[in-house]
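# Residue-level structural notes
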Amino acid sequence: QVQVVESGGGLVQPGGSLSVSCSVSGTIFSIYVMGWYRQGSGAQRELVAHIFMAHGGADYADSVKGRFTISRDNAKNTVFLQMNNLKPDDTSVYYCKVDILDEERYPREYWGNGTLVTVSS
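A few points on the structure. Residue numbering note: each chain is counted from 1, following its sequence as written. Restriction of local features to residues with pLDDT of at least 70 applies here, the model being predicted, together with a cutoff of 80 or more for giving and counting side-chain atom pairs; totals for whole chains, interfaces and linings are based on all residues. Here the side-chain values reflect all heavy atoms present in the structure, with hydrogen atoms and water set aside.

### Concerning the overall build of the protein
This is how the line gets drawn: The secondary structure listing takes helices from DSSP runs of H or I that are at least 4 residues long and strands from runs of E that are at least 2 residues long, numbered from the N terminus. Computation of the radius of gyration draws on C-alpha atoms, with the globule rule given as 2.2 Å multiplied by the number of residues to the power 0.38. The buried label goes to any residue with under 20% of its type's maximum accessible area, the exposed label to any with over 50%, and the partly exposed label to all in between, with areas taken from a 1.4 Å probe on protein chains only. The contact definition used throughout considers only heavy atoms, calling two residues in contact when any of these lie within 4.5 Å.
Secondary structure summary: the protein contains 0 helices and 11 strands in total. Reading the secondary structure of the protein in the N-to-C direction produces β-β-β-β-β-β-β-β-β-β-β. Against the 2.2 N^0.38 benchmark of 14 Å for 121 residues, the protein shows a C-alpha radius of gyration of 14 Å, consistent with a compact globule. Along the longest, intermediate and shortest principal axes, the C-alpha atoms of the protein span 50 × 25 × 20 Å. The buried share of the protein, reckoned over its 121 residues, is 40%. Of the contacts made within the protein by residues no fewer than 6 positions apart, 52% connect residues no fewer than 24 positions apart.

Structure (structure tokens):
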């Protein structure tokens, strides 16, 4: 059984900073990529950032480039998303997504339950 656990989130004023983290545990052969998606009210879920666990390469949505930074701790199967200069448009539920190879080398993806980030004065 694989578990994805998110932490962080909350309320922050515009221009402020917030960090969220995501850890995965369970029977896993390898973790390919971990990332964050967000879904605002009435909107589709969109990629915010993801990181390739083997080499650390990362991709970002254009809307967060220069403000958000994703990083990883391979030993803890954890990724962190540091969000700076937050804007009201960043208000969303943030979901962690994990792509793995299971113990039978079969690719699978898992999602966390989401954590709410609210940017408001």
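Now that the structure has been shown, we can carry on.
### A word on the state of the cysteines
Worth spelling out the cut-off: Working definition: a disulfide is two cysteine sulfur atoms within 2.5 Å of each other.
One pass over the structure, following the stated rule, counts 1 disulfide. With a sulfur-sulfur separation of 2.0 Å, cysteine 22 is cross-linked through a disulfide to cysteine 96. The chirality of the disulfide connecting cysteine 22 with cysteine 96 is left-handed, given an S-S dihedral of about -80 degrees. Here cysteine 22, found in strand β3 (residues 18-25), pairs with cysteine 96, found in strand β9 (residues 92-101); they are 74 residues apart in sequence, far enough to count as distant. Take cysteine 96: its relative accessible area is 0%, and that puts it in the buried class.

### Regarding the pattern of salt bridges
Inclusion rule: One speaks of a salt bridge when a side-chain nitrogen belonging to Lys or Arg is within 4 Å of a carboxyl oxygen belonging to Asp or Glu.
All chains considered together, the criterion is met by 7 salt bridges. Here arginine 38 makes a salt bridge to glutamate 46, at a shortest N to O gap of 2.8 Å. Here arginine 108 makes a salt bridge to aspartate 102, at a shortest N to O gap of 2.7 Å. Each of Arg38, Glu46, Arg67 and Asp90 takes part in salt bridges that share partners, so that together they form one network.

### Describing the nonpolar core
Convention followed: Nonpolar cores were defined as sets of buried Ala, Val, Leu, Ile, Met, Phe, Trp, Tyr and Cys residues, with membership established by side-chain atoms within 4.5 Å.
Counting residues in hydrophobic clusters, the biggest one holds 28 residues, and the most contacted among them are Met34, Trp36, Leu81, Met83 and Val98. Elements with a minimum of two residues in this core: β3, β4 (30-39), β5 (46-52), β7 (68-73), β8 (78-83), β9 and β11 (115-119). Apart from residues lying up to four places away in sequence, methionine 34 is in contact with Cys22, Val24, His50, Ile51, Met53, Ile70, Asn77, Val79, Cys96, Lys97 and Val98.

### Quick look at the environment of glutamine 44
Tracing the sequence through the fold places glutamine 44 in the loop between β4 and β5. Residues in contact with glutamine 44, not counting those within four places in the same chain, are Arg38 and Gln39.

### A closer look at the packing of aromatic side chains
Where two aromatic rings form a pair, the distance of their centres and the angle of their planes describe that pair. So the rule is basically this: Ring pairs shown here join Phe, Tyr and Trp side chains whose ring centres sit within 6.5 Å, with only the six-membered ring taken for Trp; geometry is labelled stacked below 30 degrees between planes, edge-to-face above 60, and tilted in between.
Applying the stated criterion across every chain yields a total of 2 aromatic pairs. Aromatic pair tyrosine 32 and phenylalanine 52: ring centres 5.6 Å apart, planes at 75 degrees, arrangement edge-to-face. Residue tyrosine 32 is found in strand β4, and its partner phenylalanine 52 is found in strand β5; the two are separated by 20 residues along the sequence. A relative accessible area of 19% places phenylalanine 52 in the buried class.

The quantities given are spatial measurements derived from coordinates; they are silent on function.
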